[in-house]
Amino acid sequence: MSSAEIPPRTPSWFPGPAAEGGPAPVRLVCIPYAGGTASLFREWQRHLGPGIEVVPVQLPGRGLRMREEPYQATAPLVSDLASALEEAGLCRDYALFGHSMGALLAYELACELRERGRQEPCHLYVSGSRAPHLYGRRADHLLSDDELRALVQDLGGLERDRAVDAAYFERRLPVLRADLRVCETYRWRPRLPLRCPMTAFSASRDALASAPQTEAWREYTTGSFLRHHLEGGHFFLDGGHTRERLLRSLYDELAGAGADLHAPAAEPQSATA
């Protein structure tokens, strides 16, 4: 696709700049965890290099979309995000990455695009998330403010400057509740597994997604499946050596993916997840 054929980005959903000199061989569309923003992926482009274009997703209710109401359910969110990807021309030569809630959305997004007749991602990365059929067993969005703050702190989400984090948490509380509701009212429906390769990341101290719960993603693809078990808690994505190891894994798997993007697809399998 030439630069003249590249549709304009939808700045509300994809606030990052388009790649200079046209699209990279692979685009990595990144969806944050509950309450998270596109800034979570700010440094990823520098780490992954020009061969992989990082496309952070900004969900409503945060950043420049602060005045928009956050979604309260999975289906409309996934449908609108899929339409935004189509309008921005991001449904070719792409991979999906999501952490926690973002992993659930990435899976549903891949299924939605397949149902619309679009190609599946060249790779699906799910991080810090149990498999979809294991969702719907919590009700954290109903906790009081103090209980929710304590939960996030116990998970390692308030470990920096406590005063700064507390102020930030108060501002993010409404969107965090909405995102948690998206996850906790979600109900998986049986569908054919995806055919794309999938990589799952679990963490040693993650209280929301244990290694067996993360391993359960294996049944959601007929393609190859890898699971990397990393050191850290639920928010291991926020920085440090664990994030560096994750980024190295992304680079190693995606750097050579461009050559395989247009290979003939395998025939659909009949197994269900």
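Above this note sits the structure.
What you see is a predicted model, and the numbers here were worked out from it, not measured in a lab.

As a further point, take unusual backbone geometry. One can expect most non-glycine residues to show negative phi and most peptide bonds to be in trans. Positive phi values are uncommon outside glycine, yet Asp93 reaches one of about 50°. By relative accessible area, which is 16% here, Asp93 ends up buried. Even without a glycine there, the phi angle at Ser100 is positive, about 60°. On the accessibility criterion, Ser100 (12% relative accessible area) is buried.

What follows covers the side chain of Arg62. Of note, Arg62 is situated in the loop between strand 2 (52-56) and helix 2 (74-87). In terms of polar contacts, Arg62 uses its side chain to reach the backbone carbonyl oxygen of Gly36, at 3.0 Å. In this view, Arg62 contacts Gly35, Gly36, Thr37, Arg172, Val175 and Asp179; residues no more than four positions away in its chain are not counted.

Let's shift gears to the environment of Ser129. Mapped onto the secondary structure, Ser129 falls in the loop between strand 4 (124-127) and helix 4 (145-154). In sequence terms Ser129 and Leu104 are 25 residues apart; their C-alpha atoms lie 7.4 Å from each other. Those residues in contact with Ser129 that sit more than four places away from it in its chain are Ser100, Ala103, Leu104, Tyr135, Ala209, Gln213, Thr214 and Trp217. Within the structure, Ser129 has its side chain in polar contact with the side chain of Tyr135 (distance 2.7 Å).

Attention shifts here to the sheet that holds strand 6 (residues 225-230). The strand order 2-1-3-4-5-6 describes an open sheet built from six strands, whose pairing is parallel. Bordering the open sheet on either side are strand 2 and strand 6, each of which pairs with just one other strand. Pairwise comparison of adjacent strand axes, ignoring direction, gives a mean angle of 15° for this sheet. Examined bridge by bridge, strand 4 and strand 5 (residues 198-203) share four bridges and lie parallel to one another. In the strand pairing of strand 5, Leu124 is matched with Met198. Where helix 7 (residues 240-254) meets the sheet, it contacts strand 1 (26-31), strand 2, strand 3 (94-99), strand 4, strand 5 and strand 6, and its direction lies at approximately 160° from that of strand 6.

Each α-helix turn comprises 3.6 residues. Residues three or four places apart therefore point the same way. Over its 15 residues, helix 3 (residues 101-115) runs 21 Å from end to end, which matches the ideal 21 Å to within 8%, given 1.5 Å per residue. Summarising burial for helix 3: 13 of the 15 residues are buried, a large majority. Of the residues trailing helix 3, Gly117 is marked for its positive phi of about 85°.

Definitions and limits used
- Residues numbered from 1 in each chain as written.
- Predicted model: local features only at pLDDT ≥ 70, side-chain atom pairs only at ≥ 80, totals over all residues.
- Heavy atoms only, no water.
- Buried < 20%, exposed > 50% of the residue type's maximum accessible area, 1.4 Å probe, protein only.
- Helix = DSSP H or I, 4+ residues; strand = E, 2+ residues; numbered from the N terminus.
- Polar contact = N/O pair within 3.5 Å; in protein donor to acceptor, adjacent residues only side chain to side chain.
- Contact = heavy atoms within 4.5 Å.
- Pairing = 2+ DSSP bridges.
- Axes fitted to C-alpha atoms, helices over the stretch in contact; angles between N-to-C directions.
- Expected span 1.5 Å × (residues − 1).

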